[in-house]
Amino acid sequence: MTIEHASVQAARKPWGVADLHPWSSIDGSGDAVGELWFQRIDQNAPVPALLLKLLFTSEPLSIQVHPDDAFAR
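The notes below deal with the structure included here.

## Quick word on the nonpolar core
Then, number 1: Val 17, Leu 20, Val 33, Leu 36 and Phe 56 together form the largest nonpolar core, which totals five residues.
Then, number 2: With residues near it in sequence (within four places) discarded, Leu 20 still touches Ile 26, Val 33, Leu 36 and Phe 56.

Dropping the structure here:
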(Lines give C-alpha, C1' and ligand atoms only; values in the text may rest on other atoms or scores of the structure.)
Protein backbone atom coordinates (compact mmCIF):
# COMPACT_ATOMS: atom_id res chain seq x y z
CA MET A 1 0.00 0.00 0.00
CA THR A 2 1.33 3.40 -0.98
CA ILE A 3 1.18 6.28 1.49
CA GLU A 4 -0.24 9.40 -0.06
CA HIS A 5 0.01 12.85 1.49
CA ALA A 6 -2.91 15.28 1.43
CA SER A 7 -3.12 19.04 1.27
CA VAL A 8 -5.03 20.84 4.01
CA GLN A 9 -7.12 23.98 3.66
CA ALA A 10 -8.69 25.86 6.56
CA ALA A 11 -12.21 27.21 6.03
CA ARG A 12 -12.98 30.16 8.29
CA LYS A 13 -16.52 30.06 9.73
CA PRO A 14 -18.27 32.30 12.30
CA TRP A 15 -19.26 29.21 14.32
CA GLY A 16 -15.70 27.85 14.31
CA VAL A 17 -13.09 27.61 17.05
CA ALA A 18 -9.61 29.02 17.66
CA ASP A 19 -7.96 25.88 19.06
CA LEU A 20 -7.72 22.95 16.63
CA HIS A 21 -5.36 20.81 18.70
CA PRO A 22 -4.66 17.89 18.39
CA TRP A 23 -5.94 17.87 14.78
CA SER A 24 -3.92 20.81 13.48
CA SER A 25 -1.49 23.52 14.49
CA ILE A 26 -3.27 26.11 12.31
CA ASP A 27 -3.88 29.29 14.32
CA GLY A 28 -7.56 30.17 14.47
CA SER A 29 -7.24 33.06 16.90
CA GLY A 30 -7.79 35.73 14.20
CA ASP A 31 -10.78 34.25 12.40
CA ALA A 32 -12.22 31.06 13.84
CA VAL A 33 -11.67 27.89 11.81
CA GLY A 34 -14.82 25.85 11.22
CA GLU A 35 -13.56 23.23 8.78
CA LEU A 36 -10.33 21.57 7.73
CA TRP A 37 -10.45 20.14 4.21
CA PHE A 38 -8.01 17.36 3.30
CA GLN A 39 -7.67 16.61 -0.41
CA ARG A 40 -5.45 14.45 -2.57
CA ILE A 41 -2.40 16.28 -3.90
CA ASP A 42 -1.78 14.03 -6.90
CA GLN A 43 -3.89 15.29 -9.82
CA ASN A 44 -3.30 11.95 -11.60
CA ALA A 45 -4.51 9.84 -8.69
CA PRO A 46 -7.12 7.23 -9.63
CA VAL A 47 -10.72 8.02 -8.88
CA PRO A 48 -12.59 8.20 -6.63
CA ALA A 49 -11.15 11.47 -5.44
CA LEU A 50 -11.10 11.93 -1.70
CA LEU A 51 -12.31 14.93 0.29
CA LEU A 52 -12.30 14.69 4.07
CA LYS A 53 -13.78 17.53 6.13
CA LEU A 54 -13.34 17.87 9.87
CA LEU A 55 -15.83 20.27 11.49
CA PHE A 56 -14.98 22.31 14.58
CA THR A 57 -17.90 24.11 16.17
CA SER A 58 -18.45 26.45 19.06
CA GLU A 59 -22.24 26.25 18.58
CA PRO A 60 -24.73 23.49 17.71
CA LEU A 61 -25.19 23.03 13.96
CA SER A 62 -28.29 21.99 12.05
CA ILE A 63 -28.42 18.69 10.20
CA GLN A 64 -28.40 19.14 6.43
CA VAL A 65 -29.46 16.60 3.83
CA HIS A 66 -28.64 17.12 0.18
CA PRO A 67 -30.71 14.90 -2.13
CA ASP A 68 -29.46 13.89 -5.56
CA ASP A 69 -30.84 15.69 -8.64
CA ALA A 70 -33.47 13.03 -9.42
CA PHE A 71 -34.94 13.10 -5.91
CA ALA A 72 -34.93 16.91 -5.81
CA ARG A 73 -37.04 17.10 -9.00
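From this point, things continue past the structure.
## Overview of the sheet that holds strand S1 (residues 6–17)
Then, number 1: Reading across the sheet, the three strands line up as S1-S2-S3 and stay open at both edges, with antiparallel pairing between neighbours. Because the sheet does not close on itself, it has two edges, and the strands there are S1 and strand S3 (51–55). For this sheet, the mean inter-axis angle between neighbouring strands, taken without regard to orientation, is 15°.

## Quick notes on unusual backbone geometry
What you tend to see is this: most non-glycine residues have negative phi, and most peptide bonds are trans.
Then, number 1: A cis amide bond links His 21 with the next residue in sequence, Pro 22, at an omega value of 10°.
Then, number 2: Mapped onto the elements, Pro 22 comes out in the loop between S1 and strand S2 (33–40).

## Observations concerning the side chain of Glu 35
Then, number 1: Tracing the chain through its elements places Glu 35 in strand S2.
Then, number 2: Within the buried core, Glu 35 has no salt-bridge partner, and the shortest N-O distance to an opposite charge, that of Lys 53, equals 4.0 Å.
Then, number 3: Of the polar contacts made by the side chain of Glu 35, one reaches the side chain of Trp 37; its length is 2.6 Å.

Cut-offs and rules
Residues numbered from 1 in each chain as written. Predicted model: local features only at pLDDT ≥ 70, side-chain atom pairs only at ≥ 80, totals over all residues. Heavy atoms only, no water. Core = buried A, V, L, I, M, F, W, Y, C linked by side-chain atoms within 4.5 Å. Buried < 20%, exposed > 50% of the residue type's maximum accessible area, 1.4 Å probe, protein only. Contact = heavy atoms within 4.5 Å. Pairing = 2+ DSSP bridges. Helix = DSSP H or I, 4+ residues; strand = E, 2+ residues; numbered from the N terminus. Axes fitted to C-alpha atoms, helices over the stretch in contact; angles between N-to-C directions. Lys, Arg positive; Asp, Glu negative; His and termini not counted. Salt bridge = Lys/Arg side-chain N within 4 Å of Asp/Glu carboxyl O. Polar contact = N/O pair within 3.5 Å; in protein donor to acceptor, adjacent residues only side chain to side chain.

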